[in-house]
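Residue-level structural notes
Listed below, chain by chain, are the residues.
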Amino acid sequence: MTRSLYDLDAGQLEALVAEAGEPPYRARQLSHWLDGRRQPDPLRMSDLPGLLRARLADRFAGAGLTLERHQAGDGGWTHKLLFRLPGGDAVESVLMLYPVGGGDREGAGPRARATVCISTQAGCAMGCTFCATGQFGFTRQLSAGEVVEQVARVSTMLPELRPGPDAPDHLTNVVFMGMGEPFANPAATWGAAWRLHRGFGLSARAITISTVGLVPGIRRAATEPLPVNLAVSIHAADDGLRDRLVPVNRTWPIAELLAAVRDYVTATRRRVSFEYALMAGVNDGVDQADRLGRLLAPLRVPGSGGHAAHVNLIPYNPTPGGSGGSSLAPRSPGAGFAPPSKGAVRRFRDAVAATGVPVSVRANRGVGIDAACGQLRTSAGRPGRPPTTGGLPLSPTDRGTPSGFPGPLRPDPRPHAATELRR
Ligand code: SAH
Ligand code: SF4
C-alpha cells in the first residue's frame, strides 16, 4: 500500500497519469504540486482535470497524513501538530518560528526562520530513560514519503499559523528531532532528506539529523553526498552514566561513538553538534562538564584546526511520569528527573567553555504544549495497542532483544528496529 503520494517517484507518477489516460505533461504538473507547491492533496491541485483529481483522491484515499490536532504555544510562535498516519498510528511535528535576530542558536540570525521538527518513527525503540517518546515505546517505521509529507503539510499551513508580519512566511529549516531515531530508519531518513533537497529545494545545510549515537548511521552519514548537519545526543561524559540514560550506549560506548564522529569530521570537514539534556543531580555537575569538554576538545576540523564539536545544552523538559526530582533518577528509568537550576546550567556551560569547546544553551520552546525536546509522545500512538511488527502481532518471545544487542533497561518491544542497527 502506498502510504503517501510522496512515496512515489517520477516514473510512478508518469505511470499513474498514463493509466488514467492523461498526457505525460500531467505527471510534471502533479510533481510540481507535490514538490514545488508542497501540496499533498490531489483535490487541491487546481489545474489538473477534475476527473484526474477525483481519480487520484479515490485511489489514494487511505494514504497520506491527516491533521488531527493543532496546539499553539509561545504566543503563536510554536505549533504542535498531531498527524494520523495510514493504519491508525500517529506522529507529532513541531513548527518553531523565529523573528529576525530572535531565538536560540538554531533560530538566531539575520533573517527570520521557520524550523519544522519532524518524526521518523511512531514512537522509538531506543528507550532513553528521560524521553517521553522513548517511554512510550516503538510502534512503527515511517516511510520516506510520510516524513516528507510532514514538511509539506506544515509548509502549506504556515501562512495561516504565523502570529504576525514579523514571522517568516516560508519554511527555512528542517530538523529530524521529533519522534524516533532517524538512523534506526535510515532508508526513510535519507530518502526524505534527498527529497527535501532535490524536490523541495532546501539546502542541505538547512537540514539537521539528530542521532542518539548509532555508529553505523554516523558512518553512513560520512559517506552520503548530501552535506546535512549532524547532531549527536550525548548526555553524559562517562559510560557508567550514559549506559543508564541512553541504553544504546552499551552497544556503542562513548569511545566508539567519538571515533565514528572523528572519522565523520575527517571525511566531511563539517562540524557536529552534541546535544546534552541537563538533568538536576544526574548529569549537571561541573565534573561532567569538564569531562565532556575534554572529550570533545580534540575534535578539530581538518585544515582550519577549529573546534569541530559544539555543545548544545537542553535543560531537561519534564515528561509525563518522568519528572519528580528523585535522587534515584539514574537508577529508576522513566521516573524522577527534574530540570536543572539556572545556576547549574550556567556553571555547566562555563565549565565546558573553559575547555575551549563552543557551547550554547538551547531556548526552551513549546514546553507549555508538551512540544519541547523529548516531550513528544503519544497521545499520538494508540495507547493500549500492543506494538506490532509490520502488522503481525508479536509473540512474547519476540519481545526480547536479539542476541548481541543489549537493549534498553526496560523491555524493548521492537526487536526488528534493533536488528537494523547492527547492519
Ligand atoms: N532520536 C534522536 C532525535 C529525537 S530526540 C536523538 O535522540 O537524538 C531530540 C533531542 O531531544 C535529543 O537530543 C534528545 O536526547 C532530547 N531529549 C529527549 N528527551 C528530552 C527531555 N525530556 N528533555 C530535554 N531533551 C530531551
Ligand atoms: Fe528515541 Fe531520541 Fe527519545 Fe532516545 S531521545 S528515546 S533515541 S527519540
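Preceding block: the structure.
Residues numbered from 1 in each chain as written. Chains lettered and ligands numbered in written order. Predicted model: local features only at pLDDT ≥ 70, side-chain atom pairs only at ≥ 80, totals over all residues. Heavy atoms only, no water.

**Description of the environment of P216**
Using the following cut-off: Strands here are runs of E lasting at least two residues and helices are runs of H or I lasting at least four, both read from the DSSP assignment and numbered beginning at the N terminus. When a residue's accessible area, from a 1.4 Å probe over protein chains only, is under 20% of the maximum for its type it is buried; when over 50% it is exposed; and in between it is partly exposed.
Secondary-structure assignment places P216 in helix α7 (residues 215-223). Look at P216 and you get partly exposed, because its relative accessible area is 27%. Linking P216 and A260, residues 44 residues apart in sequence, is a C-alpha distance of 8.4 Å.

**Quick notes on the site of ligand 2**
The criterion, for reference: Summary of the distance rule: residues count as near a molecule or strand when at least one heavy atom falls within 4 Å of that molecule or strand. Classes in brief: Ala, Val, Leu, Ile, Met, Phe, Trp, Tyr, Cys and Pro nonpolar; Asp, Glu, Lys and Arg charged; the others, Gly included, polar.
The full set of residues close to ligand 2 is C124, M126, G127, C128, C131, G134, G180 and V212. Here the shell around ligand 2 is composed, by residue class, of 5 nonpolar, 3 polar and no charged.

**Structural notes on the site of ligand 1**
Spelled out, the test is: Any N or O atom pair separated by 3.5 Å or less is treated as a polar contact, with the protein-specific requirement of one donor-capable and one acceptor-capable atom, and with residues adjacent in sequence counted only for side-chain atom pairs. Residue burial considers only the protein chains on display, and all accessible areas are found by Shrake-Rupley using a 1.4 Å probe.
The environment of ligand 1 is made up of 20 residues, and the closest members are G180, S210, S233, H235 and N317. Separating a nitrogen atom of ligand 1 from a backbone N or O atom of G180 is a distance of 2.9 Å. Within the side chain of E181, a nitrogen or oxygen atom sits 3.2 Å from a nitrogen atom of ligand 1. Protein contacts shield 96% of the accessible area of ligand 1, which totals 530 Å² for the unbound molecule. Secondary structure elements with two or more residues in the shell around ligand 1: β8 (207-211) and β10 (272-278). Its residues assigned to classes, the shell around ligand 1 shows 9 nonpolar, 9 polar and 2 charged.

**Looking at the pairing of strand β1 (residues 66-73)**
Convention followed: Strands are treated as partners if at least two bridges between them are detected by DSSP.
Across 7 bridges, the pairing between β1 and strand β2 (residues 78-84) is antiparallel. If you follow R69 over to β2, its bridge partner there is L82. Hairpin geometry of β1 and β2 is characterised by an intervening segment of 4 residues between the two adjacent antiparallel strands and by a positive phi of about 50° at D74.

**Considering helix α2 (residues 25-36)**
Stated precisely, the cut-off is as follows: Every helix has an expected span of 1.5 Å times one less than the residues it contains. By definition, residues are in contact when any of their heavy atoms lie within 4.5 Å.
Between its first and last C-alpha atoms α2 spans 15 Å; for 12 residues at 1.5 Å apiece the expected length is 16 Å, and the two agree. Every buried residue of α2 is listed here: R26, A27, Q29, L30, W33, L34 and D35. On its buried face, α2 is in contact with α1 (10-19), α3 (50-59) and α6 (186-198). Note on α2: the residue one or two positions beyond its end, R38, has a positive phi of about 55°.

**Digging into the pairing of strand β3 (residues 90-98)**
For β3, the tally of buried residues reaches 9 of 9 residues, placing the bulk of the element in the interior. Here β3 shows a buried face lined by A90, E92, V94, M96 and Y98 and a second buried face lined by V91, S93, L95 and L97. Of the strand pairs in this sheet, β2 and β3 are connected by 7 bridges, and their pairing is antiparallel. Considered in β3, the bridge of R84 is made with A90. Where β2 hands over to β3, the hairpin turn is made up of 5 residues, of which G87 adopts a positive phi near 100°. When β3 meets strand β4 (residues 113-117), the two strands line up antiparallel, connected through 5 bridges.

**Some points on unusual backbone geometry**
Even without a glycine there, the phi angle at D74 is positive, about 50°. With respect to the helices and strands, the residue D74 is situated in the loop between β1 and β2. One non-glycine residue with positive phi stands out, namely R269, at about 60°. Within the secondary structure, R269 is located in the loop between α9 (254-268) and β10. The exposed category is assigned to R269, whose relative accessible area is 53%.

**A look at the pattern of salt bridges**
Formally: We define a salt bridge as a contact between a side-chain nitrogen of Lys or Arg and a carboxyl oxygen of Asp or Glu at a distance within 4 Å.
Counted under the stated rule, the structure contains 17 salt bridges. Of the charged contacts, one joins E22 and R26 as a salt bridge, the two residues approaching to 3.4 Å between their closest N and O atoms. Here E149 and R153 are joined by a salt bridge, their closest N and O atoms 2.8 Å apart. Placement of both E149 and R153 in helix α5 (residues 144-161) is noted, with a separation of 4 residues, approximately one turn of the helix. Accessibility expressed as a relative area gives 2% for E149, which makes it buried.

**Quick notes on the packing of aromatic side chains**
We describe a pair of aromatic rings using the distance from one ring centre to the other and the angle between the two ring planes. Put simply, the rule reads: Whether two aromatic rings pair depends on their centres lying within 6.5 Å, for rings of Phe, Tyr and Trp, where Trp uses its six-membered ring; planes under 30 degrees apart make the pair stacked, over 60 edge-to-face, and the rest tilted.
For the structure on display, the rule yields 4 aromatic pairs. Judged by centre distance (5.8 Å) and plane angle (70°), the rings of Y6 and F200 are edge-to-face. Of this pair, Y6 sits in the segment before α1 while F200 sits in the loop between α6 and β8; the two residues are 194 residues apart in sequence, bridging distant segments of the chain. Using a relative accessible area of 6% as the deciding quantity, one classes F200 as buried. Ring centres 4.8 Å apart and planes at 40° place the aromatic pair Y276 and F348 in the tilted group. With Y276 in strand β10 and F348 in helix α11 (residues 342-354), this pair connects stretches of sequence that are 72 residues apart.

Function cannot be inferred from these measures alone, as they are strictly geometric.
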